[in-house]
Amino acid sequence: MSAISLPLFTVGLDQSKPSPSSSSSASLYSPFSPSRNRFCSSSLHCISSCHVKPARASTSESIHETSTIMFDNNDSSDSTAFIIRARNRIGLLQVITRVFKVLGLQIEKATVEFEGDFFIKKFFVTDSHGRKIEDHESLNRIEKALLEAVTGGNGAASVTPASRGIVVRRAGLVADSGERRAKSERMFHLMDGFLKNDPISLQKDILDHVEYTVARSRFSFDDFEAYQALSHSVRDRLIERWHDTQQYFKRKDPKRLYFLSLEFLMGRSLSNSVINLGIRDEYANALKELGFEFEVLAEQFHFSLNLFEYRSSSFAYKFWLFFKEGDACLGNGGLARLSACQMDSLATLDYPAWGYGLRYQYGLFRQVILDGFQHEQPDYWLNFGNPWEIERVHVSYEVKFYGNVEEETVNGKKCKVWGPGETVEAVAYDNPIPGYGTRNTINLRLWAAKPSGKLDMESYNTGDYINAVVNRQRAETISSILFPDDRSYQGKELRLKQQYFFVSASLQDIIRRFKDSHSSFDDFPEKVALQLNDTHPSIAIAEVMRVLIDEEHLDWNKAWDIVCKIFSFTTHNVISEGLEKIPVDLLGSLLPRHLQIIYEINFKFMEELKKRIGLDYSRLSRMSIVEEGAVKHIRMANLSIVCSHTVDGVSKVHSELLKTRVFKDFYELWPQKFQYKTNGVTQRRWIVVSNPSLCALISKWLRTEAWIRDVDLLSGLQEYSMDANLQQEWRMVKKVNKMRLAEYIEVMSGLKVSVDAMFDVQVKRIHEYKRQFLNILGIIHRYECIKNMEKSERRKVVPRVCIIGGKAAPGYEIAKKIIKLCHAVAEKVNNDTDVGDLLKLVFIPDYNVSIAELVIPGSDLSQHLSTAGHEASGTGSMKFLMNGCLLLATVDGATVEIVEEIGADNMFLFGAKVHEVPALREKGSSLKTPLQFARVVRMVRDGYFGYKDYFKSLCDTVEGGKDFYLLGYDFASYLEAQAAADKAFVDEEKWTRMSILNTAGSARFSSDRTIEEYAEDTWRIEPCKCPL
């Protein structure tokens, strides 16, 4: 055994006299550098030479079995010796010295002895006063902290990261020859340590990226280039954490969750990333010294030159060229944004998880308003690149389509072999997702479709260049468009191609990862959980069966047992008519082997069901995976329920609808399968990032920032809700946010609005059941009332700025007419001098996550008007709730649970209840509606706002017994709720108290709570915290 003595505060080796007996470099093991420790300069003196064996780390070995910590107060008269024996790994010395530093201790001297794969490190330590440590409680505390750091336990959470953590050396990397050993150790020495986060280091990183990544002069670069360099600098730090997290997962081999979703509405990444990394202020200071403002680079995402402009007397829309970070609009509405929130929570709560989806070349369409009509344009979100993604050209998988299935004999056993008629390549693009207050950074892997290189070369080699181009276009089309129009056969085919493409690539990746460390599929259910986010990825069930049976040669029963243990299914549907069905002819043509497997699953299920319920053919028909008829269909929801161990709804109301209506037959068969997890949103995106002023105010009054991770602490605001000082500060924060929103409205439309008015907001996808039409009819009623008032009465009116935003599906004509009506009413209202600032109506075009981050903090009242029983959850209301915005809502979706948390007195409820809706619909034309409703509809029908013929079909949807969504029935109670909101708004103190209580009661609606429930009750996964 040999030793290396490390006197206090060593910075490097004196290599003027290298030892002839060994070429190993002791600097590899030295943790000391001026940037990490406040050490004075001294050289390292080698007492004796040593031959260091390469360190090894194995997934099968446990550090806990051999690591020991001891202390000795007899070895030195003026210091305490801590003796640490552990398996060597890169960066561990820095972890240990950082522990001592954080605990306020000083290292006087240190020695390192090597014993094969292990080392024995002795540190002579004093307290902050330079004295020996003799208190047993302190000694035990230090010993415990060191043990947790050495063994990678969670107990080192209080220690600031200073090391790359565990790095696994590849076998054979360190050769026996001294020269190659020295090179390898030099490489590890260069790798050992994280990028620094002090302003000077950050500035250097940014400037390096300006010059070497963006390829611009560091002496002359603009905001766009600064943003690109800044983003790459942040991404570097994400990649460090991502690598360490994945290495730790690989070593620990926990059960992993794989979240399969065709939609992820991530929004912008810069602010969210630096906040979760905990280095936002450091970057802001570094940029300021370079002459840039962080807020400008992070928040301003439009170019200052408007390309073209449309103006009418009520609006002036300006169309901007994106040049900084645009939204990654890879989804639409609540389901897609929910997926993004859940990824943030999975990372923050340290769960071992991966997300899988599609990297669409064009996101959800850009909404352009011309003369009040919606027009769709492609969303070229990748035109200026995406610095947050990492293209993994070496991670690609072949995905097959079409062809035929033949039967072959392999090892005396008959097997099905699928011969594809077309193949494409799936290429991975990784997007690191950092957790807040943790080192864990998980991955969202998106797949892009590329042509198969083999087919491409065959076409070129034979001179068939046109076919080569066609093949490329056909392949790339798969990941080009979000939501292809599936009214045609070609659209349905493309949608199914997208679903199978992303599922096949993801499962190949998942199975490859599993087989890297396991030799048998017996452990597959214990290591893999597959989450189906709605029915879009449900073809994965047939794909797993195909792989296990046809490629891994498992028998049917064993493969089926595995499938039933690994899948869980969350549905977002509220009506049976909305459930996804795939034509059998299409599925048989595109995925012939999968159709065979689904038929076999259904046959076995039907036979088993007959034993359970008898020959009830009506029920058998409803529960069958195959829907009979003139055109046969595969019911993907039925397939998902049959093959999943858990079926989750997304709110209490939704769960009851599933049990009593949508999946009643299945619930009666398998009641134990059905659960619900109320959706949630992440407070880090919707308060910390989007409303930093409110974030600071909450932290001030709670006297901690711990609520950002432990959101239940928000309830502590309740005791201050009546405090005059908090109320004043709360109103000031709201006013500042309203000023930002008002400025945006003026820039966007040319319309000036008063920040003293109530900002009344409804922003969501345009749909009949969401009842934006009801909102507009209410605005018309309000307008008419103001017009008929005397001037003296108008002084009592509460001024309102009514804000509506959202996109209509390209083929949804009624929704598009609602958008046009909004503009037609605004044209009349906003230019009426009699009304003035008492009422304004604004439509915000191209509503997305980034605009939501501006609108939600600046809103006073938020409307959620869906007909009861039609909203599965409604995560939009949760975002407004967190920001202290009061809700005017029907008792639908998650609103029921919001009422339970904050009380009906702190919101404005109206409308028919869920159980009342069916009976009201049966009344049809005999259902009475108030005169006010008939009058405002008549104003639209008679052309008071113009476009009389155009709006006729829109008016027809709510009159003559066709009012399916009950706008007429709910109109009277809607006006009463609006009047109650006016009355409360006038009472400033009451309104502010209600606002505070809304935020205080929002903890239940955090996605952190949702994920914890899924992890415990559905996925059965445990946190796996990457050590510091």
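About the thresholds
- Residues numbered from 1 in each chain as written.
- Predicted model: local features only at pLDDT ≥ 70, side-chain atom pairs only at ≥ 80, totals over all residues.
- Heavy atoms only, no water.
- Helix = DSSP H or I, 4+ residues; strand = E, 2+ residues; numbered from the N terminus.
- Buried < 20%, exposed > 50% of the residue type's maximum accessible area, 1.4 Å probe, protein only.
- Contact = heavy atoms within 4.5 Å.
- Pairing = 2+ DSSP bridges.
- Axes fitted to C-alpha atoms, helices over the stretch in contact; angles between N-to-C directions.
- Expected span 1.5 Å × (residues − 1).
- Parallel < 35°, antiparallel > 145°, perpendicular 65-115°, else oblique.
- Left-handed = near helix turned anticlockwise from the far one by under 90°.
- Nonpolar A, V, L, I, M, F, W, Y, C, P; charged D, E, K, R; others polar.
- Phe/Tyr/Trp six-rings, centres within 6.5 Å; stacked < 30°, edge-to-face > 60°.
- Salt bridge = Lys/Arg side-chain N within 4 Å of Asp/Glu carboxyl O.
- Core = buried A, V, L, I, M, F, W, Y, C linked by side-chain atoms within 4.5 Å.
- Polar contact = N/O pair within 3.5 Å; in protein donor to acceptor, adjacent residues only side chain to side chain.

Visitor: Kindly report on the overall build of the protein, identifying the contributing residues and their values.
Guide: The number of helices and strands found in the protein is 36 helices and 33 strands. Relative to its 1028 residues, the protein shows a buried fraction of 60%. Long-range contacts, defined as pairs at least 24 residues apart, comprise 76% of the intrachain contacts of the protein with a sequence gap of at least 6.

Visitor: With reference to specific residues and values, describe the sheet that holds strand β30 (residues 839-844).
Guide: Strand order across the open sheet formed by 6 strands is β30-β29-β28-β31-β32-β33, with parallel pairing between neighbours. Single-partner strands in this sheet number two, and they are β30 and β33 (908-910). On average, adjacent strands in this sheet sit at an angle of 20° to one another, irrespective of strand direction. In this sheet, strand β31 (residues 861-864) lies alongside strand β28 (residues 758-763) in parallel orientation, the contact comprising 2 bridges.

Visitor: I'd like a description of helix α35 (residues 988-1000), backed by residues and values.
Guide: An ideal rise of 1.5 Å per residue puts 18 Å on 13 residues; α35 measures up with 18 Å between its terminal C-alpha atoms. Every buried residue belonging to α35 is among W991, T992, M994, S995, I996, L997, N998, T999 and A1000, and all of these are buried.

Visitor: Give a description of the packing of helix α23 (residues 692-702) against helix α24 (residues 724-749) that names residues and reports values.
Guide: It is the contact of α23 with α24, at a shortest axis distance of 10 Å, that shows an interaxial angle of 165°. Taken together, the axes of α23 and α24 are roughly antiparallel relative to one another. Crossing handedness for the pair α23 and α24: right-handed. In contact with S693, L694, L697, I698, K700 and W701 of α23, α24 contributes N725, L726, E729, W730 and V733. Broken down by class, the residue content of the contact of α23 with α24 amounts to 7 nonpolar, 2 polar and 2 charged.

Visitor: Give a description of the pairing of strand β17 (residues 404-410) that names residues and reports values.
Guide: Bridging between β17 and strand β18 (residues 413-419) involves 7 bridges; their strand directions are antiparallel. Following the sheet pairing, V410 is matched in β18 by K413. The turn linking β17 back onto β18 is made up of 2 residues, and N411 within it adopts a positive phi angle of 55°.

Visitor: If you had to explain the environment of G385 to someone new, which residues and values would you point to?
Guide: Note on placement: G385 falls in the loop between β15 (373-379) and β16 (390-401). Accessibility expressed as a relative area gives 40% for G385, which makes it partly exposed. Along the backbone, G385 and Q228 are 157 residues apart, and their C-alpha atoms lie at a distance of 9.2 Å.

Visitor: For the packing of aromatic side chains, give the residues involved together with the corresponding values.
Guide: Taken as a whole, this structure holds 33 aromatic pairs when the rule is applied. Seen in terms of ring centroids, Y947 and F951 are 6.2 Å apart; in terms of plane orientation they differ by 70°. Their pairing is edge-to-face. When the ring of F985 is compared with that of W991, the centres are 5.1 Å apart and the planes differ by 85°; the resulting orientation is edge-to-face. Judged on exposure class, the residue F985 and its partner W991 are both buried. Through successive ring pairs, a cluster of aromatic residues spans W242, Y258, W354, Y356, Y397 and W447.

Visitor: Outline the pattern of salt bridges, listing residues and values.
Guide: Across all of its chains, the model carries 64 salt bridges by this definition. Here E853 and R268 are joined by a salt bridge, their closest N and O atoms 4.0 Å apart. A residue pair is termed long-range when its members are at least 10 positions apart, and E853 in helix α28 (residues 849-855) and R268 in the loop between β9 (264-265) and α6 (270-277) qualify at 585 residues. For E853, a relative accessible area of 8% corresponds to the buried category. A salt bridge links R731 to E988; the nearest nitrogen and oxygen atoms lie 3.7 Å apart. Pair noted here: R731 is in helix α24 and E988 is in helix α35, with a separation of 257 residues, a long-range link. Linked by salt bridges that have partners in common, R392, D430, R445, D509, R512, R513 and D516 make up one network.

Visitor: Help me get a handle on the sheet that holds strand β13 (residues 353-358), residues and values and all.
Guide: Taken in spatial order, the 9 strands line up as β16-β19-β20-β13-β8-β21-β22-β26-β27 in an open sheet, and their pairing is mixed. Single-partner strands in this sheet number two, and they are β16 and β27 (674-676). Here the strands of the sheet are splayed against their neighbours by 25° on average, with no regard to which way each runs. Note that strand β21 (residues 528-533) and strand β22 (residues 567-570) share 4 bridges and pair parallel. Note on β22: the bridge partner recorded for L530 is F567. Lying on the sheet, helix α5 (residues 223-252) is in contact with β8 (256-260), β13, β16, β19 (422-434) and β20 (441-451); it crosses β20 at an angle near 100°.

Visitor: Before we move on, can you summarise unusual backbone geometry with the specific residues and values?
Guide: Most peptide bonds take the trans configuration, and most residues that are not glycine carry a negative phi. A positive phi angle, near 60°, is found at H553, a position not held by glycine. Of note, H553 is situated in the loop between α14 (540-551) and α15 (556-566). Given the relative accessible area of 39%, H553 is considered partly exposed.

Visitor: If you had to explain the nonpolar core to someone new, which residues and values would you point to?
Guide: The biggest cluster of nonpolar side chains holds 180 residues, and the ones touching the most others in it are F401, W447 and F501. The greatest single-element share of this core, amounting to 10 residues, is contributed by helix α12 (residues 489-517). The next biggest cluster of nonpolar side chains, apart from the first, holds 60 residues, and it includes F773, I819, F933 and M939.

Visitor: Break down helix α17 (residues 592-613) for me, with residues and values.
Guide: The α-helix advances 3.6 residues per turn, and as a result positions three or four apart in sequence lie on the same side. The terminal C-alpha atoms of α17, which comprises 22 residues, lie 31 Å apart, in line with the 32 Å expected from a rise of 1.5 Å per residue. Every buried residue of α17 is accounted for by P592, R593, H594, L595, I597, I598, I601, N602, F605, M606 and L609. Following α17 by one or two positions, G614 adopts a phi angle in the positive range, close to 80°.

Visitor: Provide a residue-level description of the packing of α14 against α17, including the pertinent values.
Guide: In a packed pair of helices, the relevant descriptors are the angle between the two axes and the axis-to-axis distance. Contact pair α14 / α17: the axes reach a minimum separation of 9 Å and the direction vectors enclose 95°. Relative to α17, the element α14 is oriented roughly perpendicular. Residue-level inspection shows A542, E543, M545, R546, I549 and D550 of α14 in contact with α17, the latter providing R593, H594, I597 and I598. When the residues that make up the contact of α14 with α17 are grouped by side-chain class, the tally is 5 nonpolar, 1 polar and 4 charged.

Visitor: Go over the environment of C1026, please, and point to the residues and values.
Guide: Along the chain, C1026 turns up in the segment after α36 (1007-1019). In this structure the C-alpha to C-alpha distance between C1026 and R241, which are 785 residues apart in sequence, comes to 9.0 Å. Filtering out sequence-adjacent residues up to four positions away, C1026 remains in contact with D244, T245, Y248, R439 and N440.

Visitor: Describe the side chain of E784, naming the residues involved and giving the relevant values.
Guide: Within the secondary structure, E784 sits in helix α25 (residues 772-787). Here E784 falls in the buried class, since its relative accessible area comes to 11%.

Visitor: How would you summarise the side chain of R771 if you had to cite specific residues and measurements?
Guide: If you trace the backbone, R771 turns up in the loop between β28 and α25. Looking at R771, the relative accessible area reads 1%, which means it is buried. Engagement of the side chain of R771 in a polar contact is seen with the backbone oxygen of L865, the distance being 2.6 Å. Setting aside anything within four residues of it in sequence, one finds R771 in contact with Q762, L865, S866, T867, T890, F910, Y965, L966, L967 and D970.

Visitor: Quick one: what's the story with the pairing of β21, residue by residue and with numbers?
Guide: Counting buried residues along β21, 6 of its 6 residues qualify, which places the element largely inside the surrounding structure. Residues V528, L530 and L532 of β21 are buried on one face, and the alternating residues A529, Q531 and N533, pointing to the opposite face, are buried as well. Direction of pairing for β8 relative to β21: parallel, over a ladder of 5 bridges. Pairing of F259 across the sheet is with Q531, part of β21.

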